[in-house]
Amino acid sequence: KYFFCFGNHEVKSYQKFGHFVEKFVPVGSLRLSWCLKKIKQNKLTVKKKPHILLISQWDEKMIGENLYPEFLYGIEKLNDFLKKFIDKHNIKLNIIPRSNSKREKNYYKAIFEYKMEMIYKKSDFIPYLYVKNAKLNITIDSTLGREAYAIGKKVLFANFTRYKMYDTPTDN
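Residues numbered from 1 in each chain as written. Predicted model: local features only at pLDDT ≥ 70, side-chain atom pairs only at ≥ 80, totals over all residues. Heavy atoms only, no water.

### Section: the overall build of the chain
Here's step 1: Across its full length, the chain carries seven helices and seven strands.
Here's step 2: Going from N to C terminus, the chain has its helices and strands arranged as β-α-β-α-β-α-α-β-α-β-α-β-α-β.
Here's step 3: In terms of its C-alpha atoms, the chain occupies a principal-axis envelope of roughly 50 × 40 × 25 Å.
Here's step 4: Taking all contacts inside the chain whose residues are at least 6 apart in sequence as the whole, residues at least 24 apart take part in 57%. (Helix = DSSP H or I, 4+ residues; strand = E, 2+ residues; numbered from the N terminus. Contact = heavy atoms within 4.5 Å.)

As structure tokens, then:
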């Protein structure tokens, strides 16, 4: 009957594919609202604000089972560009991993070596605290990237997958 969703993008997508919904209710991200409230209540800050923050979309199955080759291609292309950029400007890349797995850490360590720092999720709101404080957030199409954009943060949506379905909508 009612469908609570992020925004008009989901409304259009559901209508496009013929799903029947009596009433769409775009509410934004409930998780983002909760995390921002917790950050404010607890007066949380970061000691060192990241210049560039990569929101990882690495996935165990993508690497191990070659599940989404087009998405993996996009991740690898983005990492190639980021590696050249951080080497040229001699800066450190901060990464919010998708998981806390050693494989993900080793994957990024093999690419960026000592010029990266993983920011692990010690609580649900740590990723939100870092995207809020980063000068630039980079992602392909993550929800966290969309949430950062929604609160007015600079986000580079870098879709190198060669598929339009991973483009981030810019309409409301």
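After that view, the rundown keeps rolling.
### Focus on the packing of aromatic side chains
Here's step 1: All told, the structure shown has eight aromatic pairs when counted by the stated rule.
Here's step 2: Note on F3 and F24: the rings are 6.0 Å apart at their centroids and 85° apart in plane angle, and the pair reads as edge-to-face. Taken as a pair, F3 in strand 1 (residues 2-5) and F24 in strand 2 (residues 23-26) lie far apart in primary sequence, 21 residues in all.
Here's step 3: Judged by relative accessible area, which is 22%, F3 ranks as partly exposed.
Here's step 4: Ring centres 6.4 Å apart and planes at 40° place the aromatic pair W58 and Y107 in the tilted group. One end of the pair, W58, is in the loop between strand 3 (52-55) and helix 3 (60-64); the other, Y107, is in helix 5 (residues 102-112), with 49 residues separating them in the sequence.
Here's step 5: Judged by relative accessible area, Y107 falls into the buried class, the value being 16%.
Here's step 6: By the ring-pair criterion, three or more aromatic residues cluster together here, those being W58, Y107, Y108 and F112.
Here's step 7: Over the aromatic face of Y73 sits the side chain of R162, whose NZ or CZ is 3.8 Å from the ring centroid. (Phe/Tyr/Trp six-rings, centres within 6.5 Å; stacked < 30°, edge-to-face > 60°. Buried < 20%, exposed > 50% of the residue type's maximum accessible area, 1.4 Å probe, protein only. Lys NZ or Arg CZ within 6 Å of the ring centre and 35° of its normal.)

### Looking at the packing of helix 6 (residues 126-133) against helix 7 (residues 143-150)
Two numbers describe a pair of packed helices, the interaxial angle and the distance between the axes.
Here's step 1: Helix 7 packs onto helix 6 with a crossing angle of 50° between their chain directions and a minimal axis gap of 10 Å. In terms of orientation, helix 6 and helix 7 fall into the oblique class. Once helix 6 is placed against helix 7, the crossing between them reads as right-handed. Contacts between helix 6 and helix 7 involve P127, Y128 and V131 from the first element and L144, E147 and A148 from the second.
Here's step 2: Grouping the constituent residues of the contact of helix 6 with helix 7 by class yields five nonpolar, no polar and one charged. (Axes fitted to C-alpha atoms, helices over the stretch in contact; angles between N-to-C directions. Parallel < 35°, antiparallel > 145°, perpendicular 65-115°, else oblique. Left-handed = near helix turned anticlockwise from the far one by under 90°. Nonpolar A, V, L, I, M, F, W, Y, C, P; charged D, E, K, R; others polar.)

### Side note on the pattern of salt bridges
Here's step 1: One pass over the full model with this rule turns up seven salt bridges.
Here's step 2: Residue R146 pairs with E10 through a salt bridge whose shortest N-O separation is 3.2 Å. Of this pair, R146 sits in helix 7 while E10 sits in helix 1 (residues 8-16), placing them 136 residues apart in sequence.
Here's step 3: Given the relative accessible area of 25%, R146 is considered partly exposed.
Here's step 4: For E10, a relative accessible area of 13% corresponds to the buried category. (Salt bridge = Lys/Arg side-chain N within 4 Å of Asp/Glu carboxyl O.)

### So, the nonpolar core
Here's step 1: L54, L78, L82, L93, I95, Y108 and F112 are the most contacted members of the largest nonpolar core, which has 21 residues in total.
Here's step 2: Mapped by element, the contributors of at least two residues to this core are strand 3, helix 4 (69-89), strand 4 (93-96), helix 5 and strand 5 (116-118).
Here's step 3: Of all the elements, helix 4 adds the most residues to this core, at six residues.
Here's step 4: Leave out the neighbours within four places in its chain, and L82 touches L54, L93, F112 and I138.
Here's step 5: The next biggest cluster of nonpolar side chains, apart from the first, holds 18 residues, and it includes L32, I39, F125 and Y128. (Core = buried A, V, L, I, M, F, W, Y, C linked by side-chain atoms within 4.5 Å.)

### Overview of the pairing of strand 1
Here's step 1: Strand direction decides the pairing type here: strand 1 and strand 2, joined by four bridges, are parallel. Bridge pairing in strand 2 places F3 opposite F24.
Here's step 2: The β-α-β motif built from strand 1, the intervening helix 1 and the parallel element strand 2 has right-handed crossover chirality. (Pairing = 2+ DSSP bridges. Right-handed = clockwise from strand over helix to strand, strands pointing away.)

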